[in-house]
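Next come the chains, spelled out residue by residue.
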Amino acid sequence: MTDEKPGGPTAARRASVAMLPGDLGLTWRPLSTADVDALYELIVTMEVADEQPYRTSHAEVEEIFEGDWKDIPADTVAGFDADGVLRAYACLEARPGDETTQRVFVMGGVHPLSRGAGVGRALVAWMTRRAKDILEASDKDVPGRIAAYLEDTSPSHWHLYEAAGYQANRFYSNLRRDLREPVRHPELDGGLRIVPWSEELDDAVRLAHNDAFRDHWGSEPATPESWAQGRSMFAPGWSFVALDDSAGTPDVAAYLLSGRYEQDWPVAGYSSGYIETLGVRRQYRGRKLAVALLGAAMEAYKASGMEYAELDVDTDNPSGAFGLYSTLGFTKAQGSRMYSIEIERVGVPLA
């Protein structure tokens, strides 16, 4: 027998499970890596039932458990029916490196056969309470945010979160562009050039990303650990970096990282390259780097036989990205929104 420290993983696990009602026909416990296959099956079943415009891959489910900053026993929960089948889940993530706003991201879902009994409401309540516990324990003197991302086509999901006190505070557009249309390749000035992404450049790209997104709402610095996590769909051959050679030593001025989501293509009805992140450091804006990077990426997509380029953009992006993409032939295909509870300051008791 081992001693259990007050507030340690076992104590947190028991407290988390105890917060869920026991009269919903499910038995609760935290998730573990042994549940990856069952969780993948549950998530895809929900996506099919909800007619979502995407499909989660097995590798993306594996990533839920990756990251040494995560407290899986305390911050996940799974509901099993009498036959031991996974019917519901929820998980939270408080990412390292947050400086101006302490964020806790929540996600979960319920199998179609287990809906209508209050399981969804119980999970949202559990995630919200657990997220508030995390924010109460923070030693940072900053605002807090509990956030969930939901599709525009899922009003029933919105209502669950609205009933728990969340509000739709940010809206995103999924844009796509037909790659049969000509691609622009502007000339770059002053020692600027586009090169393929490489491992050797990756940390410099991370630092450029943190700089480029300092003025973007909701963005927080990426640590080396969080930057490297969640790359199962990363497409290195479709990713590019803009370098500035004018000072003698190459400096990252901008970058574009791409993803390859093959599991989405049958659902969408076409193949595509996905622009994960496009960032231009502020002192380099207005020098056609975004257009040049997009041109390089779209040519790479076309060379791989892709039919479309896709991306998601914040409709209030301060860099004017939405307008830029429109001028390059991107049009809206889908939409999503961020529901959140905004908290004035973390580290204090929350109702």
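Remember, predicted model here, so these are calculated numbers, not experimental data. (Residues numbered from 1 in each chain as written. Predicted model: local features only at pLDDT ≥ 70, side-chain atom pairs only at ≥ 80, totals over all residues. Heavy atoms only, no water.)

Undergrad: What is the right way to read the pattern of salt bridges from this model?
TA: Any two side chains of opposite charge can pair, on the condition that their charged atoms come close. Scanning the entire structure with this criterion turns up 22 salt bridges. R345 is the salt-bridge partner of D141, the closest N and O atoms lying 3.9 Å from each other. Of this pair, D141 sits in the loop between α5 (119-136) and β5 (144-151) while R345 sits in the segment after β12 (331-343); the two residues are 204 residues apart in sequence, bridging distant segments of the chain. Measuring nitrogen to oxygen at the nearest pair gives 2.7 Å for the salt bridge that ties E262 to R260. (Salt bridge = Lys/Arg side-chain N within 4 Å of Asp/Glu carboxyl O. Helix = DSSP H or I, 4+ residues; strand = E, 2+ residues; numbered from the N terminus.)

Undergrad: Is there a simple way to think about unusual backbone geometry in this case?
TA: The bulk of non-glycine residues show a negative phi, and the bulk of peptide bonds are trans. Notably, E51 is not glycine yet its phi reads approximately 55 degrees, a positive angle. Take E51: it is sitting in the loop between α2 (36-49) and α3 (58-63). A positive phi angle, close to 70 degrees, is found at K288, a residue other than glycine. Here K288 lies in the loop between β10 (272-280) and α10 (289-303).

Undergrad: Could you clarify how one ought to interpret the packing of aromatic side chains in this entry?
TA: Ring pairs (aromatic) are described by centroid distance and by the angle formed between their planes. Following the criterion strictly, the structure yields eight aromatic pairs and no others. Taking 5.1 Å as the distance between ring centres and 90 degrees as the angle between the ring planes, the aromatic pair formed by Y161 and Y166 counts as edge-to-face. The burial state of Y161 is the same as that of Y166; both residues are buried. Chaining the aromatic ring pairs together yields one cluster made of F105, Y149 and Y172. (Phe/Tyr/Trp six-rings, centres within 6.5 Å; stacked < 30°, edge-to-face > 60°. Buried < 20%, exposed > 50% of the residue type's maximum accessible area, 1.4 Å probe, protein only.)

Undergrad: Just to check I follow, could you spell out the layout of surface pockets for this structure?
TA: To find the voids left in a structure, one rolls a probe of water-molecule size over its atoms. Size it by volume and the second largest pocket reaches roughly 220 Å³. Counted by class, the lining of the second largest pocket contains three nonpolar, two polar and five charged residues. (1 Å grid on protein atoms, 1.4 Å probe; cavity = no way out; pocket = protein on both sides within 12 Å on 5 of 7 lines; lining within 4 Å. Points joined across faces, edges and corners; volume = space filled by probe spheres on them. Nonpolar A, V, L, I, M, F, W, Y, C, P; charged D, E, K, R; others polar.)

Undergrad: Sorry if this is basic, but what is going on with the sheet that holds strand β3 (residues 86-93) here?
TA: In a beta sheet, neighbouring strands are held together by backbone hydrogen bonds and run either parallel or antiparallel to one another. Pairing is mixed in the open sheet, where twelve strands are placed in the order β1-β2-β3-β4-β5-β12-β6-β11-β10-β9-β8-β7. Each end of this open sheet is capped by a strand with a single partner; those strands are β1 (27-29) and β7 (192-196). When the angles between neighbouring strand axes are averaged without regard to direction, this sheet yields 20 degrees. Relative to strand β8 (residues 240-244), β7 is paired through five bridges, and the arrangement is antiparallel. If you follow L192 over to β8, its bridge partner there is D244. On the sheet, helix α6 (residues 155-163) packs against β4 (102-110), β5 and β12 and is oriented at approximately 160 degrees with respect to β5. (Pairing = 2+ DSSP bridges. Axes fitted to C-alpha atoms, helices over the stretch in contact; angles between N-to-C directions. Contact = heavy atoms within 4.5 Å.)

Undergrad: What am I meant to see in the nonpolar core here?
TA: In summary, soluble globular proteins display a tendency toward joint burial of nonpolar side chains. Y301, Y325 and F330 are the most contacted members of the largest nonpolar core, which totals 34 residues. Of all the elements, α10 adds the most residues to this core, at ten residues. Judged by nonpolar contacts, the second largest core, of 31 residues, contains L20, V104, Y161 and I343. (Core = buried A, V, L, I, M, F, W, Y, C linked by side-chain atoms within 4.5 Å.)

Undergrad: Is there a simple way to think about the environment of T33 in this case?
TA: The residue T33 is located in the loop between β1 and α2 in this model. What makes T33 exposed here is its relative accessible area of 59%. T33 sits 32 residues away from F65 along the chain, and the two C-alpha atoms are 6.7 Å apart.

Undergrad: Mind showing me how you'd approach the pairing of β5 here?
TA: When a strand is regular, its side chains alternate between the sheet's two faces. Across the eight residues that make up β5, a large majority, seven, are buried. Inspection of the sheet shows β4 paired to β5 by four bridges, in the parallel sense. When the sheet's bridge partners are listed, V104 is paired in β5 with I146. As for the winding sense of the linkage, the β-α-β connection from β4 through α5 to β5 is right-handed. Alignment of β5 against β12, held across eight bridges, turns out to be antiparallel. Paired with G144 across the strands is I343, a residue of β12. (Right-handed = clockwise from strand over helix to strand, strands pointing away.)

Undergrad: Which parts of the structure should I look at to understand the side chain of D178?
TA: The residue D178 is located in strand β6 (residues 167-178) in this model. Since its relative accessible area comes to 16%, D178 is described here as buried. Polar contacts involving the side chain of D178 include one to the side chain of R180, which spans 2.6 Å. If we ignore the near neighbours within four places in the chain, the residues touching D178 are E307 and Y308. (Polar contact = N/O pair within 3.5 Å; in protein donor to acceptor, adjacent residues only side chain to side chain.)

Undergrad: For this particular structure, what's the right way to read the confidence of the model for the protein?
TA: Regions with low pLDDT should not have their predicted coordinates read in detail. This prediction gives the protein a mean pLDDT of 92; 93% of its residues lie at or above 70. Note on residues 1-14: pLDDT is under 50 here. Beyond four places in sequence and across chains, it has eight contacts. (pLDDT = per-residue confidence, 0-100.)

Undergrad: I'm lost on α6 in this one. Help?
TA: Residues lying three or four places apart along an α-helix face the same way, a consequence of the helix completing one turn every 3.6 residues. Within α6, the full set of buried residues consists of H157, W158 and Y161. Viewed end-on, α6 has its buried residues packed into an arc of 105 degrees, placing them on one side of the element. Looking at the buried positions of α6, the neighbouring elements they touch are β4, α5, β5 and β12. (Arc of directions from axis to C-beta.)

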